[in-house]
Amino acid sequence: MSQESQQDEFEKRTREVLEESATRLDGRTLSRLTQARHAALDQPQRPARGRWWVFVPAGAAAAVAVLAVSSWMGRSPVESTSPMEDLEFLTDAEASEFVTDGEELEFYEWAAGEMES
Amino acid sequence: MTAFVTLAGVYNTPVFGAERSQDQEWMSSRALEQFLASVEKRAFKIAQLSLRNDDDALDAVQDAMMKLARSYASRDSAEWRPLFYRILANGIRDMQRRRTVRGRIMAWLPARDAEDDEDFDPIAQAPSHEPNPARRLELDQAIGALETAVAELPARQKQAFLLRNFEGLDTSETANAMGCSEGSVKTHYFRALETLRARLGEVI
């Protein structure tokens with residue numbers, strides 16, 4: 001008997017033995033496999049990947065909306081200061097203390113000068 | 001009459017299309033069920049021999065079934081088998097990695113009583129059918145020896161052997177399932193056969 005035919009016979013025999021072992025699965029295992037199969041078939045299927053382009057218009061609209069809101073919200077404080085906000089600041093009690101407190105005012109003037117130089 | 005035929009054509013086409021679509025869906029679901037039923041026992045044995053734990057093997061098979069049905073049911077049914085075994089192989093590998101990490105952690109903890117881990121139910125574990133006693137004894141010995149030898153093969157050799165020999169995938173499908181080249185599959189399979197022949201030549 002050649003080496004090749006010996007190998008074929010050995011492969012065939014090992015396959016038969018493994019097949020036999022698969023037919024001997026106990027009732028509990030068979031039951032759980034059936035349950036697993038039914039659970040797999042009962043779940044909703046994920047949509048095919050090829051349909052991603054369906055969501056492009058909605059995604060683009062959402063991106064534009066996000067950009068619009070973030071640009072409106074993200075304006076600098078100096079630009080956003082309105083006359084009403086200036087009035088609120090001037091009439092605010094703490095702000096007036098800040099302005100009238102000579103020492104603190106001098107300190108902030110010095111700090112501003114240091115930053116400019 | 002012409003108008004009737006035209007209208008009937010207009011109104012009937014979508015209904016017929018919907019029925020056909022439902023029929024196709026039902027047939028596809030039926031085909032998938034038949035496919036899963038045809039591979040589940042062998043898939044379990046492959047997972048069991050790889051993980052050496054029935055519960056982990058069942059989890060791995062169920063996970064592979066769920067993923068195939070959820071994400072690949074619409075694929076051509078000819079693709080299901082290599083896809084299923086690729087998912088299963090990945091699941092087995094992930095479980096083995098988790099087990100390795102868990103083992104490292106558990107090594108730092110006090111040993112548990114061995115009886116705590118025993119979950120043996122003699123009735124549930126009883127074989128489902130009975131061949132004649134002499135044949136059964138012979139097969140018992142062959143199965144025990146082969147399963148032990150296969151379980152002790154290196155992981156890639158074991159995978160190649162089980163997918164090629166037991167599941168009957170060809171070299172290309174096995175390479176696809178294992179995520180490697182066909183040359184690697186041939187090498188792993190050949191080495192697995194040589195090891196098994198050296199160990200089991202007298203028994204099998």
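You'll find the structure just up there.
Note that the coordinates shown come from a computational prediction; the quantities given were computed from them, not determined experimentally. (Residues numbered from 1 in each chain as written. Chains lettered and ligands numbered in written order. Predicted model: local features only at pLDDT ≥ 70, side-chain atom pairs only at ≥ 80, totals over all residues. Heavy atoms only, no water.)

Section: helix α2 (residues 27-42) of chain A
All names here are of chain A. With 16 residues, α2 should cover 22 Å at 1.5 Å per step; its first-to-last C-alpha distance of 22 Å lies within 8% of that length. Among the residues of α2, Thr29, Leu33, Ala36, Arg37 and Ala40 are the ones counted as buried. Seen from one end, α2 has its buried residues packed into an arc of 100 degrees, which puts them on one side. Exposed side of α2, more than 90 degrees from the buried face: Gln35 and Asp42 are the residues found there. Among the residues of α2, the N-terminal cap falls to aspartate 26, whose side-chain oxygen and the backbone nitrogen of arginine 28 are separated by 3.1 Å. (Helix = DSSP H or I, 4+ residues; strand = E, 2+ residues; numbered from the N terminus. Expected span 1.5 Å × (residues − 1). Buried < 20%, exposed > 50% of the residue type's maximum accessible area, 1.4 Å probe, protein only. Arc of directions from axis to C-beta. Polar contact = N/O pair within 3.5 Å; in protein donor to acceptor, adjacent residues only side chain to side chain.)

Considerations on a positive patch on the surface
All names here are of chain B. On the surface, Arg86, Arg93, Arg97 and Arg156 cluster together into a patch of positive charge. In terms of residues, the positive patch owes the most to one element, helix α3 (residues 80-106), which gives 3 residues. Note that arginine 156 resides in helix α6 (residues 155-166). You can call arginine 156 partly exposed: its relative accessible area is 31%. (Patch = residues over 30% accessible without salt bridge, like charges linked within 9 Å, V, L, I, M, F, W, Y side chains within 5 Å. Areas by Shrake-Rupley, 256 points an atom, 1.4 Å probe, with all protein chains shown as cover. Salt bridge = Lys/Arg side-chain N within 4 Å of Asp/Glu carboxyl O. Lys, Arg positive; Asp, Glu negative; His and termini not counted. Charge placed at Lys NZ, Arg CZ, Asp CG, Glu CD.)

Digging into the environment of phenylalanine 84 of chain B
Residue and element names in this part refer to chain B. As for its position among the elements, phenylalanine 84 is in helix α3. When the C-alpha positions of phenylalanine 84 and alanine 69 are compared, they lie 9.4 Å apart, and in sequence the two are 15 residues distant. If we skip the residues at most four places from it in the chain, phenylalanine 84 touches Phe35, Leu36, Val39, Ala43, Val61, Ala64, Met65 and Leu68. (Contact = heavy atoms within 4.5 Å.)

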